[in-house]
Amino acid sequence: QVQLVESGGGLVQPGGSLRLSCAASGSILSIKAMNWYRQAPGKQRELVAGVSSGDNAAYADFVKGRFTFSRDNAKNTVYLEMNNLKPEDTAVYYCNAVVRGLVDTSVTYEFWGQGTQVTVSS
């Protein structure tokens, strides 16, 4: 089991910045990849950024140059630094972990945080 706890959301004006945090606990050594998703009202959940073990982060086109994915392995925490925020960035942001099965390593499981609200409005 992996537990994910997000924090750092809030209300910010356009052009502002926020840093989201996702603290992982449990079977963290089994994590294959971690991702940030977001879901705006009335829309599908969409991938924002993610990283696989040993790889560099990848970003959706709509956040490239504005958002940065980083990690602190000592704290078992990943971050999403969000700069130059736009109203269309308003959404609930979710941390996601992809975990390899211990018995059958070809099977993967996904775990999600509770989400943190980001609202960009003047």
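The structure presented is a predicted model; accordingly, all values stated were derived computationally and were not measured. (Residues numbered from 1 in each chain as written. Predicted model: local features only at pLDDT ≥ 70, side-chain atom pairs only at ≥ 80, totals over all residues. Heavy atoms only, no water.)

Points about the overall build of the chain
- In terms of regular secondary structure, the chain is built from zero helices and eleven strands.
- Ordered by position from N to C terminus, the α and β elements of the chain give β-β-β-β-β-β-β-β-β-β-β.
- Considered along the principal axes of its C-alpha atoms, the chain spans approximately 50 × 30 × 25 Å.
- Relative to its 122 residues, the chain shows a buried fraction of 40%.
- Contacts in the chain between residues at least 24 apart in sequence constitute 54% of all its contacts with a sequence separation of at least 6.
- Approximately 6800 Å² of the chain is accessible, and the part contributed by carbon and sulfur atoms is 49%.
- Here the chain contributes 11 positively and 10 negatively charged side chains, and the mean placements of these two sets differ by 2 Å. (Helix = DSSP H or I, 4+ residues; strand = E, 2+ residues; numbered from the N terminus. Buried < 20%, exposed > 50% of the residue type's maximum accessible area, 1.4 Å probe, protein only. Contact = heavy atoms within 4.5 Å. Areas by Shrake-Rupley, 256 points an atom, 1.4 Å probe, with all protein chains shown as cover. Lys, Arg positive; Asp, Glu negative; His and termini not counted. Charge placed at Lys NZ, Arg CZ, Asp CG, Glu CD.)

So, unusual backbone geometry
- The backbone phi angle of Asn76 is positive, close to 55°, even though this residue is not glycine.
- As for its position among the elements, Asn76 is in the loop between strand 7 (67–72) and strand 8 (77–82).
- Classification of Asn76 as partly exposed rests on a relative accessible area of 33%.
- A positive phi angle, near 50°, is found at Asn84, a position not held by glycine.
- With respect to the helices and strands, the residue Asn84 is situated in the loop between strand 8 and strand 9 (91–100).
- Residue classification places Asn84 among the partly exposed residues on the basis of a relative accessible area of 42%.

Description of the sheet that holds strand 8
- Strand order in the open sheet formed by four strands is 1-3-8-7, and the pairing between neighbours is antiparallel. At either end of the open sheet lies a strand with only one pairing partner, and these are strand 1 (2–7) and strand 7. Looking at each pair of strands side by side, their axes are set apart by 20° on average, direction ignored.
- The sheet contact formed by strand 7 and strand 8 spans six bridges and is antiparallel. What sits directly across from Asp72, in strand 8, is Thr77. (Pairing = 2+ DSSP bridges. Axes fitted to C-alpha atoms, helices over the stretch in contact; angles between N-to-C directions.)

Notes on the packing of aromatic side chains
- Scanning the entire structure with this criterion turns up two aromatic pairs.
- Pairing Tyr94 with Trp112 gives two aromatic rings, centres 6.5 Å apart and planes at 85°, and the pair type is edge-to-face. Taken as a pair, Tyr94 in strand 9 and Trp112 in strand 10 (residues 108–112) lie far apart in primary sequence, 18 residues in all.
- Owing to a relative accessible area of 14%, Tyr94 belongs among the buried residues under this scheme.
- Of the aromatic side chains, those joined through ring pairs into one cluster are Tyr37, Tyr94 and Trp112.
- Sitting over the ring of Tyr94, Arg45 keeps its end group 3.9 Å from the ring centre.
- When the ring centre of Trp112 is taken as origin, the NZ or CZ atom of Arg45, which lies over that ring, is 4.7 Å away. (Phe/Tyr/Trp six-rings, centres within 6.5 Å; stacked < 30°, edge-to-face > 60°. Lys NZ or Arg CZ within 6 Å of the ring centre and 35° of its normal.)

Some points on the environment of Arg71
- For Arg71, the location among the structural elements is in strand 7.
- A residue is classified by how much of its surface remains accessible, and Arg71, at 40% relative accessible area, is partly exposed.
- Along the sequence, Arg71 and Ala23 sit 48 residues apart, while their C-alpha atoms lie 10.0 Å from each other.
- Sequence-distant contacts of Arg71, that is, excluding residues within four places in its chain, are made with Val51, Thr77, Val78 and Tyr79.

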